[in-house]
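Coordinate analysis (summary)
Now for the letters of each chain:
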Amino acid sequence: MTRRKPRNRAQRDLDRPPRERYATRFVSFESGGETCCGTLSLPSATRDPPVVVMGPELGGDRSFGLPAIAERFAAAGYATFRFDYRGFGDSEGTRRRIAPGHHRDDYDAAIDRVRRIDDLGPDLAVYGAGLAALHALRAASNRRDVDAALAITPILDGRAFLRRRGTKPFLAAMATGVRDATVGRLTGGRTVPIVGDAADDAVIVDPGARRGYLDLVDRESAWLNETPARSLLSIARAWMGDRIEDVSAPTLVLAGETDALAPEPEVEAVADRLSRSTYVRMPADHWSIYGADFEPAVGHQIAFLADALDG
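What counts, and where the lines are drawn
Residues numbered from 1 in each chain as written. Predicted model: local features only at pLDDT ≥ 70, side-chain atom pairs only at ≥ 80, totals over all residues. Heavy atoms only, no water. Helix = DSSP H or I, 4+ residues; strand = E, 2+ residues; numbered from the N terminus. Contact = heavy atoms within 4.5 Å. Buried < 20%, exposed > 50% of the residue type's maximum accessible area, 1.4 Å probe, protein only. Disulfide = S-S within 2.5 Å. Pairing = 2+ DSSP bridges. Axes fitted to C-alpha atoms, helices over the stretch in contact; angles between N-to-C directions. Salt bridge = Lys/Arg side-chain N within 4 Å of Asp/Glu carboxyl O. Phe/Tyr/Trp six-rings, centres within 6.5 Å; stacked < 30°, edge-to-face > 60°.

1. A few points about the environment of Arg138
Here Arg138 is to be found in helix 3 (residues 132-142). Along the backbone, Arg138 and Ser277 are 139 residues apart, and their C-alpha atoms lie at a distance of 15 Å. Beyond its immediate stretch of four places on either side in the chain, Arg138 contacts Arg104, Trp239, Met240 and Arg243.

2. Thoughts on helix 3
Among the 11 residues of helix 3, 10 are classified as buried, and the element is accordingly described as predominantly covered. Considered for burial, the residues of helix 3 that qualify are Ala132, Ala133, Leu134, His135, Ala136, Leu137, Arg138, Ala139, Ala140 and Ser141.

3. A few points about the state of the cysteines
Per the counting criterion, the structure on display carries 0 disulfides. Looking at Cys36, it has no disulfide partner, and the nearest cysteine sulfur is the one in Cys37, 7.2 Å off.

4. Quick notes on the sheet that holds strand 10 (residues 277-282)
Reading across from one edge, 1-2-4-3-5-6-9-10 is the order of the 8 strands in this open sheet, with mixed pairing throughout. Every other strand in the sheet has two partners, leaving strand 1 (22-31) and strand 10 as the edge strands with one partner each. For this sheet the average axis-to-axis angle between neighbouring strands, irrespective of direction, equals 20°. Sheet topology places strand 6 (residues 148-152) next to strand 9 (residues 251-256); 4 bridges connect them, and they run parallel. Pairing of Ile152 across the sheet is with Leu254, part of strand 9. Along the sheet, helix 2 (residues 100-114) contacts strand 1, strand 2 (34-43), strand 3 (51-55), strand 4 (79-83) and strand 5 (124-129); its crossing angle with strand 1, the most-contacted strand, is approximately 125°. The strands touched by helix 10 (residues 294-309) within the sheet are strand 3, strand 5, strand 6, strand 9 and strand 10, with strand 6 carrying the most contacts at an inclination of about 165°.

5. Observations concerning helix 1 (residues 66-75)
Judged by how many residues are buried, helix 1 sits mostly within the fold: 9 of 10 residues are covered. Buried within helix 1 we find Leu66, Pro67, Ala68, Ile69, Ala70, Glu71, Arg72, Phe73 and Ala74. Looking one or two residues beyond helix 1, the residue adopting positive phi is Gly77, at roughly 105°.

6. Looking at unusual backbone geometry
With a phi close to 50°, Asp48 is a non-glycine residue in the positive phi region. Given a relative accessible area of 46%, Asp48 falls into the partly exposed group. Phi at Arg96 is positive, roughly 55°, even though this residue is not glycine.

7. What about the pattern of salt bridges?
Taken as a whole, this structure holds 21 salt bridges when the rule is applied. Salt-bridge contacts for Asp246 lead to Arg243; the nearest nitrogen and oxygen are separated by 3.4 Å. For Arg243, a relative accessible area of 28% gives the class partly exposed. A salt bridge links Glu257 to Arg281, with the nearest nitrogen and oxygen atoms 3.6 Å apart. A residue pair is termed long-range when its members are at least 10 positions apart, and Glu257 in the loop between strand 9 and helix 9 (264-273) and Arg281 in strand 10 qualify at 24 residues.

8. Points about the pairing of strand 2
Strand 2 sits mainly inside the fold: 8 of its 10 residues count as buried. Note: strand 1 against strand 2, 10 bridges, orientation antiparallel. Looking at the pairing, Ser31 lines up with Glu34 of strand 2. Where strand 1 hands over to strand 2, the hairpin turn is made up of 2 residues, of which Gly32 adopts a positive phi near 60°. Note: strand 2 against strand 4, 4 bridges, orientation antiparallel. The residue of strand 4 that forms the bridge with Thr39 is Arg82.

9. Some thoughts on the packing of aromatic side chains
For the coordinates displayed, the defined rule picks out 10 aromatic pairs. With a centroid separation of 5.5 Å and an interplanar angle of 75°, the aromatic rings of Phe64 and Trp223 are classed as edge-to-face. Here Phe64 is found in the loop between strand 3 and helix 1, whereas its partner Trp223 is found in the loop between helix 7 (209-214) and strand 8 (227-228), with 159 residues between them in sequence. In this structure, Phe64 and Trp223 share a single accessibility class: buried. Pairing Phe81 with Phe83 gives two aromatic rings, centres 6.3 Å apart and planes at 20°, and the pair type is stacked. Both residues of the pair, Phe81 and Phe83, count as buried. An aromatic cluster is built from Phe29, Phe81, Phe83, Tyr85 and Tyr107, whose rings are joined through pairwise contacts.

Below, the structure is given as structure tokens:
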């Protein structure tokens, strides 16, 4: 039997299922007039399996931590479809522009594409970690064909997320975004780091986040740590709001006790507002669920899928 070698530092020591347990297939779809790309993983021993649609973390692509989760889901009998938003990975679009509105549309288009694949069963779950949880829950609130949702260390309010850097750094970041959105279109624009320091107007600035995030980057990836500065404005407008009450599907909400990006009290409040939530609190941070705390995190996720989709 062969095992897939991990391609990022955070997950090099994980227990990965044998490659014979699942098959992968490249799948593309259209969203907003551009082509998005994804990877479908199919369990070898299950016919017509349920499928989990997976959107990447903030500013990342489908190779950032998701393959290891997809493999474990496949070994447990669940297909997965992890895809790249427009502008990221193999998908078309403005390079690395974080546009939550577009990404929500991409998520819906990914679900529509999965529904046209004959090898899958009727049950479907949506999966998102960080800001991707916003897109997953929005899909669950809008659609009747979502049977379960997984919101992992969810970030559902972009403005609150950016304001955690402090008032002055937040205002400076917004000013940088405004300049890029106006005069930047004439001068070639400005980029800011996706993960870095507040002084650089980075999107993610929590201490320790740089190492945790970069350890998820695939060693063969062409990803760069930069995004158009106008992305900051788009993130600030991202908000779940009262739509959370429209989510009727069973939902796993997983919080890290030391997660500074998605503070545990705020995540618990999200779970309280959902009508059918399963709330799990772990001694983990935002990034350790992909590495050091991977086993308990993925164990909770598989147990939830078994209850929500197979129970």
